Amino acid sequence: PVGIELGSGVDGTSANTLEDYEEGTFIPSVTGTTQGTATLDANVDRLAYTKIGRAVHITGRIRITSVSGVSGGVIIGNLPFPHVAGLADQADYGMLHVYLYKTDYPSDAMGPVMIELSQSGSSNGTIYYIRDDANWPVLPASAFDSGDVHMHINGTYITS
């Protein structure tokens, strides 16, 4: 195999060879699960990514300046690589941590907010919030009504 051989000794298997490294920036999309689009501040609209093998790490901050007809939940899209599922027991589910500023959280929200990447082949993730002793509901688009939401995103997911 071509690449950097990892591990102790050269065994010639592609499973231990690092064949891919890439880094860059991208502009994510922010939309509603039902309809609508959010507008990003042109000066705070990019996230950075580093792809090492199949692992894609995302980091950075974006600022939503306005929302137009966004309803349902909130989707972060246009990720640089599609998420790939298929490992046993959801071992491949990706989660990106989200920290929000100037957001109107639902009254039952507690704990972290996250973007879950669970649909194979998709470059989108849905934002969920945590409730005490209950399921994870989708963060409603109404949480972004202030039109001045800062969203810090950090996490890793698996691609092909």
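It should be emphasised that the depicted structure is a prediction, and the values quoted were computed from it without experimental measurement.

Asker: Explain the overall build of the protein chain to me, please; I cannot follow it from the model alone.
Answerer: Across its full length, the protein chain carries 0 helices and 12 strands. Put simply, the protein chain runs from its N terminus to its C terminus through helices and strands in the order β-β-β-β-β-β-β-β-β-β-β-β. For the protein chain, the residues scored as buried account for 36% of the 160 residues in total. Here the analysis covers contacts within the protein chain between residues at least 6 apart in sequence; of these, 63% occur between residues at least 24 apart. For the protein chain, the accessible area works out to roughly 8500 Å², and carbon and sulfur atoms hold 50% of it.

Asker: Looking at this structure, how should I read the pattern of salt bridges?
Answerer: Oppositely charged side chains may form a pair once their charged atoms are brought near each other. Using the criterion set out here, one finds 6 salt bridges in the structure. As a salt-bridge pair, Asp45 and Arg46 come within 3.8 Å of each other at their nearest N and O atoms. Accessibility expressed as a relative area gives 13% for Asp45, which makes it buried. Note on Arg46: relative accessible area 46%, which makes it partly exposed. Across the salt bridge formed by Lys102 and Asp148, the nearest N and O atoms sit 2.9 Å from each other. With Lys102 in the loop between β9 (94–101) and β10 (113–117) and Asp148 in the loop between β11 (125–129) and β12 (149–158), the pair connects residues that are 46 residues apart, well separated along the chain. When salt bridges that share partners are traced, they join Asp41, Arg63, Lys102 and Asp148 into one network.

Asker: Any chance you could explain the pairing of β12 here in plain terms?
Answerer: Regular strands place their side chains on alternate faces of the sheet. Relative to β12, strand β7 (residues 55–71) is paired through 10 bridges, and the arrangement is antiparallel. Residue pairing in the sheet places Val56 in a bridge with Tyr157 of β12. Relative to β12, β9 runs antiparallel, the two sharing 7 bridges. For Leu96, the partnering residue across the bridge sits in β12 and is Gly155.

Asker: I'm lost on the side chain of Lys51 in this one. Help?
Answerer: Secondary-structure assignment places Lys51 in strand β6 (residues 47–52). Engagement of the side chain of Lys51 in a polar contact is seen with the backbone oxygen of Gly53, the distance being 2.8 Å. When near neighbours in sequence (up to four residues on either side) are disregarded, Lys51 contacts Asp20, Tyr21, Glu22, Val56, Phe81, Thr159 and Ser160.

Asker: How do you make sense of the nonpolar core when you look at a structure like this?
Answerer: In summary, soluble globular proteins display a tendency toward joint burial of nonpolar side chains. Residues Ile58, Ile127, Phe144, Met151 and Ile153 are the most contacted members of the largest nonpolar core, which totals 31 residues. Of all the secondary-structure elements, those providing two or more residues to this core are β5 (35–40), β6, β7, β8 (74–77), β9, β10, β11 and β12. With 5 residues, the top contributor of residues to this core is β7.

Asker: Please explain the environment of Tyr21 as it appears in this structure.
Answerer: If you trace the backbone, Tyr21 turns up in strand β3 (residues 21–26). As for Tyr21 and Thr50, which are separated by 29 residues in sequence, their C-alpha atoms are 7.4 Å apart. For Tyr21, the residues in contact, after removing those within four places along its chain, are Thr50, Lys51 and Ile52. At a separation of 2.4 Å, a polar atom in the side chain of Tyr21 contacts the side chain of Glu23.

Analysis parameters
Residues numbered from 1 in each chain as written. Predicted model: local features only at pLDDT ≥ 70, side-chain atom pairs only at ≥ 80, totals over all residues. Heavy atoms only, no water. Helix = DSSP H or I, 4+ residues; strand = E, 2+ residues; numbered from the N terminus. Buried < 20%, exposed > 50% of the residue type's maximum accessible area, 1.4 Å probe, protein only. Contact = heavy atoms within 4.5 Å. Areas by Shrake-Rupley, 256 points an atom, 1.4 Å probe, with all protein chains shown as cover. Salt bridge = Lys/Arg side-chain N within 4 Å of Asp/Glu carboxyl O. Pairing = 2+ DSSP bridges. Polar contact = N/O pair within 3.5 Å; in protein donor to acceptor, adjacent residues only side chain to side chain. Core = buried A, V, L, I, M, F, W, Y, C linked by side-chain atoms within 4.5 Å.

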